[in-house]
Structures are given as structure tokens and as C-alpha cells.
Amino acid sequence: DNKIHIYKINNNSLIVKTVIDNRSAVTALSYSPDGSVLAVGDAGRIIEVYDRESFTPKIKGKWVFHTSKITTLSWSPNGLYLASGSLDENIFLWNYNNPMTKIQIPYAHTGGVTGLDWIDNANLVSSGNDHTIITWKIPELAV
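Residues numbered from 1 in each chain as written. Predicted model: local features only at pLDDT ≥ 70, side-chain atom pairs only at ≥ 80, totals over all residues. Heavy atoms only, no water.

1. A word on the sheet that holds strand β11 (residues 113-120)
Read across the sheet, three strands follow the order β11-β12-β13 without closing on themselves; strand pairing throughout is antiparallel. The sheet terminates laterally at β11 and β13 (133-137), the two strands that pair on one side only. Going across the sheet, the axis of each strand differs from the next one's by a mean of 25°, ignoring polarity. Relative to β13, strand β12 (residues 123-128) runs antiparallel, the two sharing five bridges. Counterpart to Ser126 in the pairing with β13 is Ile134. (Pairing = 2+ DSSP bridges. Helix = DSSP H or I, 4+ residues; strand = E, 2+ residues; numbered from the N terminus. Axes fitted to C-alpha atoms, helices over the stretch in contact; angles between N-to-C directions.)

2. Looking at unusual backbone geometry
Despite not being glycine, Asn2 shows a phi value in the positive range, around 55°. Relative to the helices and strands, Asn2 resides in the segment before β1 (3-10). Take Asn2: its relative accessible area is 34%, and that puts it in the partly exposed class. The residue His131 is not glycine, and still its phi comes out positive at about 65°. (Buried < 20%, exposed > 50% of the residue type's maximum accessible area, 1.4 Å probe, protein only.)

3. Examining the environment of Asn95
Along the chain, Asn95 turns up in strand β9 (residues 91-95). The class for Asn95 is buried, based on a relative accessible area of 16%. Expressed as a C-alpha distance, the spacing of Asn95 and Ala83, which sit 12 residues apart in the sequence, is 9.2 Å. Residues within four places of Asn95 in sequence aside, it is in contact with Trp63, Leu80, Tyr81 and Thr101. A polar contact is formed between the side chain of Asn95 and the side chain of Tyr81, at a distance of 3.4 Å. (Contact = heavy atoms within 4.5 Å. Polar contact = N/O pair within 3.5 Å; in protein donor to acceptor, adjacent residues only side chain to side chain.)

4. Comments concerning the nonpolar core
One finds Ile91, Leu93, Trp118, Leu124, Trp136, Ile138 and Leu141 to be the most contacted residues of the largest nonpolar core, which totals 15 residues. The element contributing the most residues to this core is β11, with three residues. When residues no more than four places from it in sequence are discounted, the contact partners of Trp118 are Ser74, Trp75, Ser76, Pro77, Tyr81, Ala83, Leu93, Asn123, Leu124 and Leu141. One finds Ala39, Ile47, Ile70 and Leu73 within the second-largest nonpolar core, a separate group that totals 13 residues. (Core = buried A, V, L, I, M, F, W, Y, C linked by side-chain atoms within 4.5 Å.)

5. Things to note about the sheet that holds strand β10 (residues 102-105)
In spatial order, the strands read β7-β8-β9-β10; together these four strands make up an open sheet with antiparallel pairing. In the strand order of this sheet, the two ends are held by β7 (70-75) and β10, each with one partner. Across the sheet, the mean angle from the axis of one strand to that of its neighbour is 20°, orientation sign disregarded. Judged from the four bridges that link them, β9 and β10 form a sheet pairing that is antiparallel. Residue pairing for β10: Trp94 is matched across the bridge by Lys102.

So, in C-alpha cells, the structure goes:
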């Protein structure tokens, strides 16, 4: 139905907290490490970030550089970067504090990226449809 349904649990029952309209089917989700924001990726190649309390958009219409469905999302441990993977074979690292800045890892996995996870704030692990697992050292993120 191209909507994001947010529920809360109350006495073993699911209660609708809010419903957010989305342009296409949601294909990936990731809460920030502190739980303050929710990143949502969709089949229409768009990533948006919502405040967890109000579910108002924090980032909308800016993270649209993938050319195919978003398949995976993962926040860095410090919550400053969101890694996204897609069927377009690319990984993007999005800067939450400066939404117009990004780092691209082109052609990361033939056939698409299927999984992402951070080792620490400067090292990312990815998996793909090419049946490989790769560790990426991101020198720009090392402090």
C-alpha cells in the first residue's frame, strides 16, 4: 500500500501510532544507534529519515542518488553516517549532519548489494549477489 505503518505495543496489543505515505514499497529500514531517527529506503530508490517521536521528516528528497531499489541500510555506530546499498551495485555513505554530502563506493557488488554492517565508524562490511563479503576502510571517516 506504499505506506509506512508505525505501531506501539500496549498490553500485548499492537496500536497504530502513525501511518506515513510513501511513493513506493518500503524495502529497507534502520533505526539510528540512539534510536532517535528511522531511515527508510524504498523500491523507488529514495531514502528518507524520520524523527522517531513525531515521525516528521528530517531528511526528505535529498538522498536519491541510487538508480535502483534500495536493498539495505545501516547506521554507523556514532550515528553520523547512513550506509545504503542497492540493486544498482553501489554503496553510498550519507552524512546525516550535512545531507548534501555523500561518499560513493561504485560497483561494490555485481548484481547488487544485499547487506551492510559497520565494524566501527570507519570500516564497513558489505555482502552482495556476487556471493562476496567485502570490508571497506573509509579513510574519510577515520578520526
